[in-house]
Amino acid sequence: MICFAQAVNVLHFDPPPPLKAKAGSTVEAKIPLSLQEGYHVNSNKPSDEYLIPLQLTWTKGVLEPAGVVYPKPHLEKYQFSPDKPLSVFSGSFELVAKFTVPAGAPAGPAAMSGKLRYQACNNTMCLTPKNMDVALQVDIVK
Amino acid sequence: MKLALHKRTLQYLAIAGIAAYLASCSFYTADWPGVKDEKERKKAPDFALKDASGEVVKLSDYRGKVVLLNFWATWCGPCEVEIPWFVDFQREYKDRDFAVLGLSLDEDGWTSVKPFVAREKLNYRVMVTSEEVDQLYGGVEHLPTTFVIDREGRVASSHVGLASKNTYRQEILTLLGSPKNEKSPLVSSNRMPRFDLLRPGR
């Protein structure tokens, strides 16, 4: 057997402060993300059908997911793609997750959990696709 | 003073430990241009995987041949750069006891791989790898990862990330024993790893 390689995560999520959510309203949660320098991830709409998009999905919870707003991607050329620019995110960026708060949602603390699927590369190599846990603390008020 | 000496000794030990670890993992964690000296080569783990036609392919069936074993995926841009080189090598050297084997890490397997293989006109055997095989080769997480294996089934060189076509060609020719056998400048028993190519986060 060849030496074991360490798992590599180059995308970091800093959990935001608890989201105040009024029952019967719609709310938005900012999901701040930062990539290790030199790396990029494909945007939510990559420029090639083979590329794996960034995608945030939520598991069923007290809030009803109402869409995700992704930032505007950069079009960048890389050593491995010198002619065709790729649609990517890099550095620090933010997703906005929208939720509907049911009128009958019980007041008090709650949590939403989701998965962020991404696939990162640098100029010469790519990492296997990852599914990162994303947790959001919610404070439901009447 | 005594404390400072003790601290320095610990630092030396830590550096020596890291160096020993890197040396023991040398054919996976660094890009080593050129083939290793024969005494330094370790056995390439055997595997048995099915190709697109369902036929079982074992690495050990290739004993006696030089093999370029490439871990890749359809979503990997740098892999897409290297694949046409490997097609060229397969065409140029297949009659000289050489073979390219491609192991895809695509999660949806043949669904993505078959159309890609047809589109890119791959002329070598491609298999969809398994987690077990990935682990045998160090838990492949970075693509492309390529091993050049000698006729005795030993890893003679490895590359993590995009290497150059000429590097691969020189290594293949060195292992094939051509041109008629001058000692290749790429064979070295005292090579230093290129730390700029160490994973992760270059």
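Coordinates for the structure precede this section.
About the thresholds
Residues numbered from 1 in each chain as written. Chains lettered and ligands numbered in written order. Predicted model: local features only at pLDDT ≥ 70, side-chain atom pairs only at ≥ 80, totals over all residues. Heavy atoms only, no water. Helix = DSSP H or I, 4+ residues; strand = E, 2+ residues; numbered from the N terminus. Buried < 20%, exposed > 50% of the residue type's maximum accessible area, 1.4 Å probe, protein only. Contact = heavy atoms within 4.5 Å. Lys, Arg positive; Asp, Glu negative; His and termini not counted. Charge placed at Lys NZ, Arg CZ, Asp CG, Glu CD. Expected span 1.5 Å × (residues − 1). Bend = angle between axes of the 7 residues up to and from the residue. Disulfide = S-S within 2.5 Å. Phe/Tyr/Trp six-rings, centres within 6.5 Å; stacked < 30°, edge-to-face > 60°. Salt bridge = Lys/Arg side-chain N within 4 Å of Asp/Glu carboxyl O. Pairing = 2+ DSSP bridges. Axes fitted to C-alpha atoms, helices over the stretch in contact; angles between N-to-C directions. Parallel < 35°, antiparallel > 145°, perpendicular 65-115°, else oblique. Left-handed = near helix turned anticlockwise from the far one by under 90°. Nonpolar A, V, L, I, M, F, W, Y, C, P; charged D, E, K, R; others polar.

### Notes on the overall build of chain A
Per the secondary structure count, chain A includes zero helices and 13 strands. For chain A, the spread of C-alpha atoms along the principal axes amounts to about 55 × 40 × 25 Å. Counting only residues that meet the buried cut, chain A has 46% of its 142 residues in that class. For chain A, contacts bridging at least 24 residues in sequence account for 73% of all contacts bridging at least 6. With 13 positive and 11 negative side-chain charges, chain A shows a spacing of 7 Å between the two charge centroids.

### Description of helix H3 (residues 77-93) of chain B
All names here are of chain B. The terminal C-alpha atoms of H3, which comprises 17 residues, lie 25 Å apart, in line with the 24 Å expected from a rise of 1.5 Å per residue. Taken as a whole, H3 carries its principal kink of about 25° at Ile 83; the proline Pro 84 stands between one and four residues after it. Restricting attention to buried positions, one finds in H3 the residues Gly 77, Pro 78, Cys 79, Glu 82, Ile 83, Trp 85, Phe 86, Val 87, Asp 88, Phe 89, Gln 90 and Tyr 93.

### Description of the state of the cysteines
With the rule as written, the count across this model stands at two disulfides over all chains. The disulfide that involves A:Cys121 links it to A:Cys126, with 2.1 Å between the sulfurs. On the sign convention where negative is left-handed, the bridge of A:Cys121 and A:Cys126, at about 95° about the S-S bond, is right-handed. With respect to burial, A:Cys121 and A:Cys126 carry one shared label: buried. There is a disulfide in this structure between B:Cys76 and B:Cys79, and the S-S distance comes to 2.2 Å.

### Here we look at the environment of A:Lys22
As for its position among the elements, A:Lys22 is in strand E2 (residues 19-22). With residues near it in sequence (within four places) discarded, A:Lys22 still touches A:Val27, A:Val101, A:Val141 and A:Lys142.

### Focus: the packing of aromatic side chains
Residues and elements named next belong to chain B. Using the criterion set out here, one finds 13 aromatic pairs over all chains in the structure. Between Trp 72 and Phe 116 the ring centres are 5.1 Å apart and the planes differ by 35°, which places this aromatic pair in the tilted class. One end of the pair, Trp 72, is in strand E4 (residues 66-72); the other, Phe 116, is in helix H4 (residues 110-119), with 44 residues separating them in the sequence. The residues Trp 72 and Phe 116 share a single accessibility class, namely buried. Through a chain of ring-to-ring contacts, the aromatic side chains of Phe 86, Phe 89, Tyr 93, Phe 98 and Tyr 168 assemble into a single cluster.

### Regarding the pattern of salt bridges
Residues and elements named next belong to chain B. For the structure shown, the criterion picks out 18 salt bridges over all chains. With a closest N to O distance of 3.3 Å, Asp 88 and Arg 91 form a salt bridge. Of this pair, Asp 88 and Arg 91 are both found in helix H3, three residues apart, which corresponds to roughly one turn of the helix. Among the residues examined, Asp 88 registers a relative accessible area of 18% and is labelled buried. Look at Arg 91 and you get partly exposed, because its relative accessible area is 48%. Salt-bridge contacts for Asp 97 lead to Arg 151; the nearest nitrogen and oxygen are separated by 3.4 Å. Highlighted residues: Asp 97 in the loop between H3 and strand E5 (98-104) and Arg 151 in the loop between strand E8 (145-149) and strand E9 (154-160), separated in sequence by 54 residues. Salt bridges here are not isolated pairs; linked through shared partners, they connect Glu 38, Arg 41, Asp 150, Glu 152 and Arg 154.

### Quick notes on the pairing of E2(A)
All names here are of chain A. Of the two faces of E2, the one holding Leu 19 and Ala 21 is buried and the one holding Lys 20 and Lys 22 is not buried anywhere. Here E2 pairs with strand E13 (residues 130-141) via four bridges, running parallel. Among the inter-strand pairings, Ala 21 is bridged to a residue of E13, identified as Ile 140.

### Digging into the packing of H3(B) against helix H6 (residues 165-176) of chain B
Residues and elements named next belong to chain B. Two elements in contact, H3 and H6, have axes whose closest approach is 10 Å; the angle formed by their N-to-C orientations is 30°. The angle between H3 and H6 places the two elements in the roughly parallel class. Relative to H6, the crossing made by H3 is right-handed. Packed against H3, whose contacting residues are Glu 82, Trp 85, Phe 86, Asp 88, Phe 89, Glu 92 and Tyr 93, the element H6 presents Lys 165, Tyr 168, Arg 169, Ile 172, Leu 173 and Leu 176 at the interface. In terms of residue class, the contact of H3 with H6 is built from eight nonpolar, no polar and five charged.

Bear in mind that shape data such as this cannot, by itself, settle questions of function.
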